[in-house]
Amino acid sequence: MGKKIKKESEPPPKDVFDPLTIESKKAATVVLMLNSPEEEILAKACEAIYRFALKGEENKATLLELGAVEPLTKLLNHEDKIVRRNATMIFGILASNNDVKKLLRELDVMNSVIAQLAAEEEVVIHEFASLCLANMSAEYTSKVQIFEQGGLEPLIRLLSSPDPDVKKNSIECIYNLVQDFQCRATLQELNAIPPILDLLKSEYPIIQLLALKTLGVITNDKECRAMLRDSQGVDHLIKILETKELSDLHIEVLSVLANCLEDMDTMVMIQQTGDLKKLLSFAENSTIPDIQKNAARAITKAAYDPENRKLFHEQEVEKCLVTLLGSENDGTKIAASQAISAMCENSGSKEFFNNQGIPQLIQLLKSDNEEVREASALALANLTTCNPANANAAAEGDGIDALINALSSKRDGAIANAATVLTNMAMQESLRLSIQSHDVMHALLSPLHSANTVVQSKAALTVAATACDVEARTELRNSGGLEPLVELLHSKNDEVRRHASWAIMVCASDEPTAAELCRLGALDILEEINLSVSRKNKFSEAAHNKLLNHHLSLKYSQTGYLSSSNIITDGVYDYGRINPGTKLLPLKDLCLQEPSDRRAILLVNSKCDASPTPSMEDKSSDVGYGRSISSSSSLRRASKEKTNAGFGSPTEEKSEPTSGRNTALSKSATKEKGSRKGRVKKEEEKVKEEEEVAVAPKLTGEGSPDKEWLPPSDPDFCVYVYEVTRSILPITSIKEQVEVLAKYVAEKMGGKIPKEKLHDFSWELHISELKFQLKSNVVPIGLIKKGIFYHRALLFKALADRIGIGCSLVRGEYGRAWNEVKLMNESRKGVIGALPPPETYIVDLMFHPGALIKLRSREADLYRFL
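None of the values given here were measured: they were computed from a predicted structure.

Analysis parameters
- Residues numbered from 1 in each chain as written.
- Predicted model: local features only at pLDDT ≥ 70, side-chain atom pairs only at ≥ 80, totals over all residues.
- Heavy atoms only, no water.
- Axes fitted to C-alpha atoms, helices over the stretch in contact; angles between N-to-C directions.
- Helix = DSSP H or I, 4+ residues; strand = E, 2+ residues; numbered from the N terminus.
- Parallel < 35°, antiparallel > 145°, perpendicular 65-115°, else oblique.
- Left-handed = near helix turned anticlockwise from the far one by under 90°.
- Contact = heavy atoms within 4.5 Å.
- Nonpolar A, V, L, I, M, F, W, Y, C, P; charged D, E, K, R; others polar.
- Salt bridge = Lys/Arg side-chain N within 4 Å of Asp/Glu carboxyl O.
- Buried < 20%, exposed > 50% of the residue type's maximum accessible area, 1.4 Å probe, protein only.
- Phe/Tyr/Trp six-rings, centres within 6.5 Å; stacked < 30°, edge-to-face > 60°.
- Lys NZ or Arg CZ within 6 Å of the ring centre and 35° of its normal.
- Pairing = 2+ DSSP bridges.

Re the packing of helix 8 (residues 123–136) against helix 11 (residues 164–177)
Close contact between helix 8 and helix 11 brings their axes to 8 Å; oriented N to C, the two are set at 25°. In this view, helix 8 runs roughly parallel relative to helix 11, as classed from their interaxial angle. As for the relative orientation of helix 8 and helix 11, their crossing is left-handed in sense. For the pair helix 8 and helix 11, contact is made by Val-123, His-126, Glu-127, Ser-130, Leu-131, Leu-133 and Ala-134 and by Asp-165, Val-166, Asn-169, Ser-170, Glu-172, Cys-173 and Asn-176, respectively. Residues belonging to the contact of helix 8 with helix 11 are distributed by class as follows: six nonpolar, five polar and three charged.

Observations regarding the pattern of salt bridges
Counted by the stated rule, this structure contains 31 salt bridges. Linking Arg-84 and Glu-121 is a salt bridge whose minimum nitrogen-to-oxygen distance equals 3.5 Å. Of this pair, Arg-84 sits in helix 5 (residues 81–94) while Glu-121 sits in the loop between helix 7 (110–115) and helix 8, and the two are 37 residues apart along the sequence. The pair formed by Arg-84 and Glu-121 is uniform in burial state, with each residue classed as buried. A salt bridge links Arg-184 to Asp-221, with the shortest nitrogen-to-oxygen separation between them at 3.0 Å.

Topic: the side chain of Gln-145
For Gln-145, the position within the fold is in helix 9 (residues 140–148). Once residues within four sequence positions are removed from consideration, Gln-145 is found in contact with Arg-105 and Met-110.

Side note on the packing of aromatic side chains
The relative placement of two aromatic rings is captured by the distance of their centres and the angle of their planes. The final tally for this structure, using the stated rule, is six aromatic pairs. Between Tyr-50 and Phe-128 the ring centres are 5.8 Å apart and the planes differ by 90°, which places this aromatic pair in the edge-to-face class. Taken together, the positions of Tyr-50 in helix 2 (residues 39–53) and Phe-128 in helix 8 put the pair 78 residues apart, joining distant regions of the chain. Across the pair, Phe-128 and Tyr-50 agree in class, each one buried. For the ring pair Phe-352 and Phe-353, a centre distance of 5.8 Å and an interplane angle of 85° mean the geometry is edge-to-face. Given a relative accessible area of 0%, Phe-353 falls into the buried group. Between Arg-598 and the ring centre of Tyr-575, over which it is positioned, the NZ or CZ distance is 4.1 Å. Stacked on the ring of Tyr-556, the Lys or Arg Arg-811 has its end atom at 4.0 Å from the ring centre.

Some remarks on the sheet that holds strand 8 (residues 852–854)
In sheet architecture, strand pairing relies on hydrogen bonds along the backbone and comes in two forms, parallel and antiparallel. Read across the sheet, five strands follow the order 1-5-6-7-8 without closing on themselves; strand pairing throughout is antiparallel. Unpaired on one side and paired on the other, strand 1 (561–562) and strand 8 mark the two borders of the sheet. Here strand 5 (residues 807–811) pairs with strand 6 (residues 817–823) via five bridges, running antiparallel. Looking at the pairing, Ser-808 lines up with Glu-820 of strand 6.

Observations concerning the sheet that holds strand 3 (residues 601–603)
Overall, mixed pairing links the three strands, which are arranged 2-3-4 in an open sheet. What marks the edges here is a single partner per strand, and that holds for strand 2 (573–574) and strand 4 (778–780). Pairing geometry for strand 2 and strand 3, over two bridges, is antiparallel. What sits directly across from Asp-574, in strand 3, is Leu-602.

Here it is as structure tokens:
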């Protein structure tokens with residue numbers, strides 16, 4: 001045999017790169033390796049980057065700067081499982097960085113991450129893919145992407161994973177997703193509640209806590225509450241409460257139960273099983289403030305349903321809440337007060353808190369914690385609403401001082417609630433007087449100046465409730481409270497305007513306050529409000545009318561109506577009709593104007609330099625009262641004619657009156673017989689001319705400029721007042737008083753005017769002569785001797801008010817005006833039983849003076865309009 005020769009190895013192919021082992025110490029180098037086509041290099045590069053990112057936030061930022069994110073996103077869909085797994089692990093860590101999250105959203109990798117949740121993938125991939133989604137779902141845009149790309153269904157499936165990390169990441173992501181209502185709706189379709197309930201049995205507290213938080217969110221929906229009830233979820237929750245070892249979960253359990261108790265069926269179920277009693281006992285006996293607080297909140301949420309309130313009352317929930325009021329924790333006190341507020345809708349609960357609850361709430365009003373004061377004030381507001389007994393209990397518990405002090409609180413809610421309680425208490429006169437004695441008007445100044453509309457509204461309402469007495473209104477006026485009240489009329493809030501109008505209506509009950517309100521512009525503002533269809537309200541109209549009652553001249557000009565309660569006093573004048581929004585000048589300005597072609601302004605003024613006295617009545621030659629003779633004779637005739645069945649022939653006028661009430665006037669008339677009649681008539685005309693000339697300087701403002709301006713005097717009207725007071729007031733029959741006064745007025749204004757001769761009655765010339773003589777448009781009513789409808793109606797109303805005859809004054813069209821009186825049917829006097837309502841009559845002062853025409857009749861229409 002020959003010698004063996006060693007065989008040489010074959011050289012490697014020329015196109016194959018020899019293996020190279022590299023040890024890199026720079027992250028940038030490894031990032032470059034992510035673009036390698038070799039699976040082994042990709043796997044090792046991803047593993048190195050994962051360990052680098054795991055070390056801290058700075059490393060994550062470094063990888064972002066090096067551009068590692070974009071090539072890594074491509075590896076999520078790599079064919080090699082190890083590469084895909086390692087890339088997923090990196091994203092699970094990197095996704096906690098906010099800048100990385102932003103970039104991932106831009107790169108739209110959510111679909112690739114969700115694909116890693118597939119059932120056939122490894123548990124490790126599930127863990128880090130779910131971790132990535134949990135981190136991403138903290139932001140709204142990412143939530144939308146996860147939901148729209150179908151991420152919710154695989155996450156719910158992973159709740160049953162054997163790996164606790166997968167469970168934790170999945171439930172955390174679901175918790176973030178269900179903050180959106182669309183996700184909650186889809187959760188119901190996917191029947192997610194049973195697997196979530198199973199997580200409550202986990203041995204890991206974080207998983208249990210996240211499951212409870214998720215249930216706390218989804219049970220805000222009625223359908224989810226029903227699913228939880230059907231899945232025996234309430235039993236699971238109650239069992240957790242009964243387990244002391246799970247005390248760290250009790251707060252969240254109570255949050256879930258608070259939602260469940262809003263469901264009536266759930267409420268009935270736990271009441272029937274005795275679990276409701278256990279819940280209340282648990283809340284009452286717990287020593288953990290947060291548990292007590294959450295229990296009270298659960299009661300509050302459930303108590304908004306009337307049936308739930310009834311069940312709570314049957315379980316004596318009030319005792320539990322009173323106990324919680326005594327807690328040392330402010331949060332528990334607030335929650336208990338809010339629960340009491342909710343339970344106040346139940347009348348039985350209101351009665352219970354009368355003795356046990358109100359005293360504690362008043363003490364809480366004195367707390368240094370503003371939120372505690374606000375919550376206790378709210379409870380007291382609800383307790384005292386429509387409940388005088390509770391209002392009394394609050395006052396007896398020294399609540400008035402505490403409530404008034406609360407008006408200066410820093411929290412608007414506390415101020416508004418305290419004002420509400422004071423309003424409720426002021427419904428009772430005794431309590432209102434007590435509130436007024438505590439300087440409440442001064443305390444309300446700050447709330448009235450508040451910028452909060454609720455506070456403004458409640459403060460104005462409190463003013464309306466407490467300013468029912470002259471002393472209170474005076475205090476409000478002196479303390480400067482009317483100005484902010486008037487300013488509230490400008491509010492754009494309907495309730496503020498309504499309550500401010502209400503308060504002004506109450507305050508306008510006395511003359512000084514009404515005058516101050518008018519000075520501040522309340523009348524003009526209210527008039528402007530009432531011209532607006534959208535801004536006016538019943539109270540603004542009532543307040544405007546109330547203020548007009550203290551400015552009858554403006555009221556009659558604007559509305560054309562004065563009721564029987566609107567008593568015409570000195571200084572009232574009839575300017576004529578004006579349009580809404582038109583300013584009415586003061587009497588002084590009108591008096592100082594030159595005469596014009598506009599209609600005369602009729603003035604009522606009985607303030608004279610001298611007054612008639614009984615000793616002067618028989619002095620027919622007295623200059624000041626020379627005209628009283630004819631006045632007396634007319635009254636005698638009217639009174640006597642009434643006795644003899646109405647106005648009749650001249651022979652009847654000459655007969656003596658049968659009534660003893662006019663004896664003095666009869667004696668005076670007896671002295672004026674024969675030839676003296678003509679002489680007296682001439683004297684009357686002479687004195688009349690002298691008086692008219694004497695009045696003119698006063699009307700035009702002549703005289704000493706240093707003297708205080710006075711309205712024009714009207715001696716004739718003074719005489720009218722004296723005569724009707726002396727002759728008509730003693731008449732016992734109201735109907736007879738009306739008829740006699742009507743004839744008296746007609747005689748003073750030119751007598752009876754037949755309809756067919758009305759156009760011949762030259763009253764316009766007479767009025768023009770008076771305006772010329774007086775050098776003014778303002779004419780005292782007593783100077784007018786030829787008057788038509790509106791002259792006579794004003795004089796009748798002015799005189800009727802002086803002697804207590806109730807009548808109204810109504811302005812019609814085309815110079816018409818009339819008086820309406822209400823009279824009882826005298827034929828039923830002495831009849832036992834209910835009397836019919838009085839009938840309204842129009843008093844004829846023109847065609848048949850003294851005649852009474854039923855309001856709703858053809859004759860009345862003819863008198864008013866023809």
